[in-house]
Amino acid sequence: MRKVWHIAWKDVKLRARDPSSFIVLLLMPLVLIFILGSVFQGGFQNTPFKVPVAFVDQDEGELSSILKDEVLKGPELSEMIILKEVDFPEEARNMAIAGKVACSIIVPQGMSVEIMKGKTTTIEVIGDPEQSIKAGVVKNIVEQFVLEATRRSVILSTAVEQLLSRSLIQPSQIEGLVSSWLENAPAAENLIEIRKDTAQDQNRPSSAMDYYAVGMGAMYLLFAANYGARSILEEKRMGTTIRLLTMPIKPLGILSGKLLGIALFTLLQFLLIIFFSASVYGVNWGSSIFGIALMALASVFAMSGLGAFLASFLRTEGQVAAIGPAVAIIMAFLGGGMITIYGWPSWAVLISRLTPNRWILEGFLSLMRGNEIGEIILPLSVLGGMGLFLFSIAGLRMRWRGDV
Amino acid sequence: MDLVEIKDLTKVYGSRKAVDNVSFTIKKGEAFGLLGPNGAGKTTLVSMLSCLLKPTSGDAFIGGASIIHNPMEVKRKIGVVPQEISLYGQLSALENLNFWAQMYDVPLRERAKRIEDLLELVGLADRKKDRIDRYSGGMKRRINIAVGLLPNPELLILDEPTVGVDPQSRTAILETLKKLNQEGLAILYTSHYMEEVEFLCPRVGIMDLGKIIALGTQGELRLLVGEKDSLRIYTQTLIPINIKEEIAQIEGVSEVRIGENFIGVLSSRGRRTLPAILDLLHDREVKVKSVEVKEPNLENVFLHLTGKELRE
């Protein structure tokens, strides 16, 4: 086992001394993370949904006051609706037409009384045509409010009628009873159900830099693995493998050392990417150190396996150098490392799940959202399985082909 | 006492016998040379002895361990210097030796001293921290040999270890090996350079087309051609086709060989044959460029046995 470690560590030293590996495997991914993270940041921002509304209260009654102070200015909507109180209907209409507000609400005189009497009334909502979605949202809120108020009014008047008809109360008691009911009625904000904007995907990380740190990190894991895998063919060409075989170490030990070397170097590179992206770009890799460590190991295991697998089917270092990066880029593309995975069609999602890149993304994005190890069991298992399968095939192929 | 015992070793690739029923022994502390042209089967034979290749039939024993049944034990008794410079260019000589010492299981407490001693032996102690890829070809070869010596082997197997080396480095390498042999190290040395084998190995096996065609001490092998000198006459003009028969009729000439721009002659009368040959060439208007006279050597033996030269 000691010799396996010596072979692996020697390989790490050799790769680390190669200046091109520093440029390709550390500098390039960091540059790409920065470029992609900066360019696509717009698509990741959670811009607040703000609706400016002009409000004219000609009623000045109980219900208009509830609509204004407890619904539109209530805790559910206060972050979304910017309410501007206006004195005259004409002024409010002009504001909407001029696009100064998304819409204007004009509450007519006597609205509260009319609703309480169960009569028809009209609340005017004038929208800016260019902000029709926002105006539509406000219109819905007002409609829901009116419907709910009317429903409650009907219930109340029916109840009062029943109580009077059965002589359970005197007419003089009605006013006090209604006031008491109104006080004990459900909170005003519950009068209407506010459906929040669902455009934002709950799974989406807050920053493009976070997303592409994982995406590019995963892609460059395969680059690093290819670098390592090339060394198996390089040693065969140089004759150092033959020399190793004349020494008291079994071929399986040599192969294990070489494969461990690939994994070690790849892990080192990935940890450096995590460290630099976190400290320089402020990428949030999550708070679970154990989860990050496990995901890093599983990612490295799967990608190193893929690198070794590729090398076992290619004959020369040149072939690995040419085909390896192409495979890395295709995998990154299919696995969502280049184009965000949100909103992909089902067939594309299915294909992406065949790549380690996708599972690396899923695992790390989950950790970035603040999840713990329990939430990344599936990506960990899939990556572990992929690594085991790919390393086994690579090992068998290399032994069969006589690489070691 | 025999350290190496090779018994009917054969390696077949398809229909071609790379090594054909080879048997010989090497004594403890003996330097044995395996001489033959490229493709004679030397490397295949050495690869089997180094446990890199499994023989098709036959077996070999090194220190009593079978290369087929106890390869790990064999590997603990040998040091191998391959034909290629099998070193890591980006590592220093010291780092290379340290890594290979770990692979040879050289104990930690002995490792540093042994590496220092070997660096002294090959004359590179002052360059030990330099990266191998900054070394000259000859220096790399010397470290290549030092690696083979790391385990303090009972037998050092060297497969053409001086290929591409400048004459000065070659001399240094051969003198180092001679010194080690005099200190008791057994050596199996393969080469197609006759001078190297003559310098280093009292006993020699000559190999051609996978077979050992002659085996014995240098003296015994020279007797195969008798006390004959080898003459080589380089010409400036074309050599007439029928001149071979005419030279063969000169007294003392036993073999004639016509090359592209030279005539090779094996003669029992040595230099005394030369004037008659030169007269004949003059008569046939063949212009002579230079003449080389060689005492009986292993080259002549090979020529005598196979009708071709070692470096063809």
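This one's a predicted model, so the numbers in the text were calculated from it and none came from an experiment. Every chain begins its residue count from 1, and numbering advances along the sequence as written. Chains and ligands are labelled sequentially in the order written, the chains with letters from A and the ligands with numbers from 1. Thresholds applied to this predicted model are a pLDDT of at least 70 for local features of residues and 80 or more for the giving and counting of side-chain atom pairs; totals over whole chains, interfaces and linings are not thresholded and use all residues.

**Observations concerning the overall build of chain B**
Scanning chain B from N- to C-terminus turns up 11 helices and 14 strands. Partly exposed residues are those whose C-beta has more than 12 but fewer than 20 other C-beta atoms within 10 Å; 20 or more makes a residue buried and 12 or fewer makes it exposed, with C-beta atoms placed from the backbone. Put simply, chain B has 312 residues, and 41% of those count as buried. Here the contacts in chain B between residues at least 6 apart in sequence split such that 68% fall between residues at least 24 apart. Put simply, DSSP H or I for four residues or longer makes a helix, DSSP E for two residues or longer makes a strand, and each gets a number counted from the N terminus. Residues are treated as contacting if the C-beta atoms built from their backbones sit within 7 Å of each other.

**As for the overall build of chain A**
In terms of regular secondary structure, chain A is built from 15 helices and four strands. By the burial criterion, 41% of the 404 residues in chain A qualify as buried. Across chain A, contacts joining residues at least 24 apart in sequence account for 80% of those joining residues at least 6 apart.

**What about the confidence of the model for chain B?**
The pLDDT value tells you how sure the predictor is about a given residue, anywhere from 0 up to 100. Looking at chain B as a whole, its pLDDT mean stands at 90, while 98% of the residues score no less than 70. Among the scores for the predicted complex, ipTM is 0.80 and pTM is 0.67.

**Some points on the sheet that holds strand β2 (residues 81-85) of chain A**
Residue and element names in this part refer to chain A. Here, a strand pair is defined by DSSP locating no fewer than two bridges between the strands. Reading across from one edge, β2-β1-β3-β4 is the order of the four strands in this open sheet, with mixed pairing throughout. At either margin of the open sheet sits one strand with a lone partner, and together these are β2 and β4 (124-127). Ignoring which end each strand starts from, the neighbouring axes of this sheet average 20 degrees apart. Note that strand β3 (residues 103-107) and β4 share four bridges and pair antiparallel. Pairing of S104 across the sheet is with I126, part of β4. Comment: axis = line fitted to C-alpha atoms, over the contacting stretch for helices; angle = value between 0 and 180 degrees taken between N-to-C directions. Strands β1 (51-57), β2 and β3 of the sheet are contacted by helix α3 (residues 62-72), whose axis makes an angle of about 160 degrees with β1. Its contacts with the sheet place helix α4 (residues 89-97) against β1, β3 and β4, and it is angled at close to 160 degrees to β3.

**A word on the environment of G41 of chain B**
The topology assignment puts G41 of chain B in the loop between β3 (31-35) and α1 (42-49). Those residues within four positions of G41 of chain B in sequence are excluded, and the remaining contacts are A18, V19, M207 and G210 of chain B.

**What to know about unusual backbone geometry**
Residue and element names in this part refer to chain B. Notably, D8 is not glycine yet its phi reads approximately 50 degrees, a positive angle. Among the secondary structure elements, D8 is positioned in strand β1 (residues 2-13). With a phi angle near 65 degrees, C51 is a residue other than glycine that sits in the positive phi range. With respect to the helices and strands, the residue C51 is situated in the loop between α1 and β4 (57-62).

**Quick notes on the packing of helix α1 (residues 2-16) of chain A against helix α3 (residues 93-103) of chain B**
Interaxial distance between α1 of chain A and α3 of chain B falls to 9 Å at its minimum, and their mutual angle equals 155 degrees. Relative to α3 of chain B, the element α1 of chain A lies roughly antiparallel. Where α1 of chain A crosses over α3 of chain B, the two elements pack in a sense that is left-handed. Residue-level inspection shows K3, H6 and K10 of chain A of α1 of chain A in contact with α3 of chain B, the latter providing F99, Q102 and M103 of chain B. Of the residues in the contact of α1 of chain A with α3 of chain B, the class split is two nonpolar, two polar and two charged. Working rule for angles: under 35 degrees goes down as roughly parallel, over 145 as roughly antiparallel, 65 to 115 as roughly perpendicular, anything else as oblique. Handedness of a crossing is defined here by the sense of rotation of the near helix relative to the far one, left-handed for an anticlockwise turn of less than a right angle and right-handed for a clockwise turn. When residue character is reported, Ala, Val, Leu, Ile, Met, Phe, Trp, Tyr, Cys and Pro are called nonpolar, Asp, Glu, Lys and Arg charged, and the others, Gly included, polar.

**Observations concerning the interface of chain A and chain B**
Accessible area lost on assembly of the parts is the figure often given for the size of an interface. Tallying the contact residues gives 17 residues for chain A and 17 residues for chain B. Counting only elements with at least two residues in the side of chain A that touches chain B, the list comes to α1 and α9 (240-245) of chain A. Sorting elements by how many residues they give to the side of chain A that touches chain B places α9 of chain A first, with five residues.

**A closer look at the sheet that holds strand β6 (residues 78-81) of chain B**
All names here are of chain B. Reading across from one edge, β6-β7-β8-β3-β9-β10 is the order of the six strands in this open sheet, with mixed pairing throughout. Whereas interior strands pair on both sides, the edge strands pair on one side only; in this sheet they are β6 and β10 (211-217). On average, each strand axis in the sheet is inclined to that of its neighbour by 15 degrees, with strand direction left out of account. In terms of strand pairing, β6 meets strand β7 (residues 155-159) through four bridges, oriented parallel. The residue bridging V80 from the neighbouring strand is I157, located in β7. Running at roughly 35 degrees to strand β9 (residues 203-208), helix α11 (residues 298-306) makes contact with β3, β9 and β10 of the sheet.

**Quick look at the nonpolar core**
Among buried residues, those of type Ala, Val, Leu, Ile, Met, Phe, Trp, Tyr and Cys that are joined through C-beta atoms within 7 Å form a set called a nonpolar core. Counting residues in hydrophobic clusters, the biggest one holds 156 residues, and the most contacted among them are I157 and I187 of chain B. Looking at this core, the element that brings in the most residues is helix α8 (residues 208-238) of chain A, giving 19 residues. Leaving out residues up to four positions away in the same chain, I187 of chain B has contacts with A31, F32, L156, L158, L177 and N181 of chain B. Among the nonpolar cores identified, the runner-up in size contains 31 residues, and A54, I66, V71 and V138 of chain A belong to it.

**Here's the deal with the packing of α8 of chain A against helix α14 (residues 356-368) of chain A**
Residue and element names in this part refer to chain A. Running from amino to carboxyl end, α8 crosses α14 at an angle of 145 degrees, the nearest separation of the two axes being 9 Å. Handedness of the α8/α14 crossing: right-handed. On the side of α8, the interface is formed by D210, V214, G215, A218 and M219, while α14 contributes N357, I360, L361, F364, L365 and M368.

**Quick notes on the confidence of the model for chain A**
Low pLDDT marks regions whose predicted coordinates should not be analysed in detail. Residues and elements named next belong to chain A. Per-chain confidence: chain A averages 84 in pLDDT, with 90% of residues scoring 70 or above. Highest mean pLDDT in chain A belongs to α9 (93); lowest belongs to helix α7 (residues 174-184) (66). Overall, residues 187-202 carries pLDDT values under 50, and its contacts beyond four positions in sequence, including any with other chains, amount to 22 contacts.

**Things to note about the environment of I35 of chain A**
All names here are of chain A. If you trace the backbone, I35 turns up in helix α2 (residues 19-39). Judged by the 12 C-beta atoms lying within 10 Å of it, I35 is exposed. Note: C-alpha distance between I35 and Y212 (177 residues apart in sequence) is 9.3 Å.

**Thoughts on helix α11 (residues 289-313) of chain A**
Residue count minus one, scaled by 1.5 Å, sets the expected span of a helix. Compared with an ideal rise of 1.5 Å per residue, which puts 25 residues at 36 Å, α11 of chain A spans 36 Å between its outermost C-alpha atoms and is within 8% of the ideal. Burial analysis of α11 of chain A places 20 of its 25 residues in the buried class, which makes it a mostly covered element.

**Some thoughts on helix α4 (residues 108-121) of chain B**
Residues and elements named next belong to chain B. The end-to-end C-alpha separation of α4 is 20 Å, in line with the 20 Å expected for 14 residues at 1.5 Å each. Burial in α4 covers these residues: I115, L118 and L119. For α4, the buried positions fall inside an angular range of 100 degrees around the axis, keeping them on one side. Residues of α4 that are exposed and point more than 90 degrees away from the buried face comprise R109, E110 and K113. In the core, the buried residues of α4 are packed alongside α3 and α5 (137-149). The arc in question is the one traced by the directions running from the helix axis out to the C-beta atoms.

**Details of the pairing of β3 of chain B**
All names here are of chain B. Of all five residues in β3, five are buried, a share of seventy percent or more. Across the two faces of β3 the burial is the same, with A31, G33 and L35 and F32 and L34 all buried. Bridging between β3 and strand β8 (residues 186-191) involves five bridges; their strand directions are parallel. Residue pairing in the sheet places L35 in a bridge with S191 of β8. Pairing of β3 with β9 involves four bridges; the strand directions are parallel. Residue pairing in the sheet places L34 in a bridge with G205 of β9.

**Quick look at the pairing of β7 of chain B**
All names here are of chain B. Within β7, five of the five residues are buried, leaving the element largely enclosed by the surrounding structure. Of the two faces of β7, the one lined by L155, I157 and D159 and the one lined by L156 and L158 are each fully buried. Inspection of the sheet shows β7 paired to β8 by five bridges, in the parallel sense. Opposite L156, over in β8, you have I187 as the bridge partner. When the strands point away from the viewer and the path from the first strand over the helix to the second turns clockwise, the crossover is right-handed. Where the polypeptide runs from β7 across helix α6 (residues 167-182) and back to β8, its parallel neighbour, the crossover connection is right-handed.

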